[in-house]
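# Close look at the chain arrangement
What follows is each chain in one-letter form.
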Protein chains: 2
Amino acid sequence: MHLVISLKSNQPIYEQLFEQIASQILSGELHPGELLPSIRSVAKDLGISIITIKKAWELLEEKRFIFTKQGVGCFVTKFEPKKLKNKKRSEVLERLSNDLKFYKQLGLSLEELLSLIREEY
Amino acid sequence: MHLVISLKSNQPIYEQLFEQIASQILSGELHPGELLPSIRSVAKDLGISIITIKKAWELLEEKRFIFTKQGVGCFVTKFEPKKLKNKKRSEVLERLSNDLKFYKQLGLSLEELLSLIREEY
DNA sequence: ATACTGTGTATACGACATATACACAGTTAG
DNA sequence: CTAACTGTGTATATGTCGTATACACAGTAT
C-alpha cells in the first residue's frame, strides 16, 4: 500500500487518504481481506497524527470499504466483482454529479465535455 | 441575475455564488459590461452577510470575470468571444483535472467514464 | 447634500482539521 | 502470563476558515 499526502492541497489530509485507499481497493491493488497497516504505523510513516488516520479509516469503514476488528486491525472488505463494480460506479457518480451540474450551468454541451475529457484523460 | 444558495451544501456560500455568477457570465446570461447588483442589496436579498458576498465578488474579480469601481459598482468584464471560450475551457479544466486524476486512480477506463457521462448529462 | 457605491477594519462565534496525551479494552506471540 | 501490539474513547489545544455584525472612510451619482 502506497500513500502520499500533500500539505499544500486544499483537500484535507484525511480525504486524500480516503481517496487513495478507496481507489486502491476499487482498482484491485488492495486485495479483499487484506490487512491494512495499523493507524499508529501509518501515522508514524506519514508524520501525521493518529487522529487524522483514524478519521480517514472511519470514512472508509462508513462506506464499507474496510471493516475493523478491535485489537486486531482493519481489513479490506470482500466484495463480489459485481458489487465492486457498482461501488466504483457510485464513487465516481458521487463526485461527478456536482461537476456535471456546474458544466451544464456553463452551457457546455455534452460533445464539448466529452472532447475535453478525451484530450485530458 | 438569479442566485440561490443552499445552507445544506458542503460548498461554502461564497463559492456557490462564484460558480453561479461565473457560469452566468460564461453562458452569456450576464452580458459584458453589465452592472451587477450592489453587494449590499445581494446580501439583503439572500439574507446573508456583506462580507460573504464581498468574498465571492473578490474571487470573481481575481479571475477577471468582473471588475469593480469604488463608489460605482461591479461590472461584468468584456471578453472577446474567443477569450470567453478559453475562459470557459479553463474553468472546466480546473475542476476536471483533479477529478480525472481520481478516476484514473480508480482504474476507470476512458470508455467507462465517457459512457457514464453520457448517461448522466 | 443625500443616498448610494465599494473598501477597510474590528470583533466574534462556530465548525473543522489536526495535533498531543492518556487510558481502556482486545488480540497475539513468546 | 506478560509484553507488545491493535483499535476505541476522551480530553485539551491550536490554527484556519466561513460567516456574522458594526463602523468608518472614500468615491460616485442624483
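Up top is the structure these notes are about.
Worth saying up front: this structure is predicted, and the values here are computed from it rather than measured.

## Brief notes about the interface of chain A and chain B
If you look at the interface, chain A gives 26 residues, while chain B gives 26 residues. Counting residues per element, the ones that place at least two in the side of chain A that touches chain B are helix 1 (13-26), helix 4 (81-105) and helix 5 (110-120) of chain A. Looking at which element gives the most residues to the side of chain A that touches chain B, the answer is helix 4 of chain A, with eleven residues. When its residues are assigned to classes, the side of chain A that touches chain B shows 14 nonpolar, six polar and six charged.

## A few points about the protein's contact with DNA strand C
Inspection of the region around DNA strand C gives 21 residues, with A:Ile13, A:Ile48, A:Ser49, A:Gly71 and B:Ser38 positioned closest. Per-class residue counts for the surface near DNA strand C are ten nonpolar, ten polar and one charged.

## Quick look at the protein's contact with DNA strand D
Within the structure, DNA strand D sits among 21 residues, and A:Ser38, B:Ile13, B:Ile48, B:Ser49 and B:Gly71 are positioned closest to it. Mapped onto the surface near DNA strand D, the elements with two or more residues apiece are helix 2 (39-46) and strand 2 (73-76) of chain A together with helix 1 (13-26) and helix 3 (50-62) of chain B. Residues of the surface near DNA strand D, tallied by class, amount to ten nonpolar, ten polar and one charged.

Criteria and cut-off values
- Residues numbered from 1 in each chain as written.
- Chains lettered and ligands numbered in written order.
- Predicted model: local features only at pLDDT ≥ 70, side-chain atom pairs only at ≥ 80, totals over all residues.
- Contact = placed C-beta atoms within 7 Å.
- Helix = DSSP H or I, 4+ residues; strand = E, 2+ residues; numbered from the N terminus.
- Nonpolar A, V, L, I, M, F, W, Y, C, P; charged D, E, K, R; others polar.
- Near = placed C-beta within 6 Å.

Keep in mind these numbers describe shape, not what the thing actually does.
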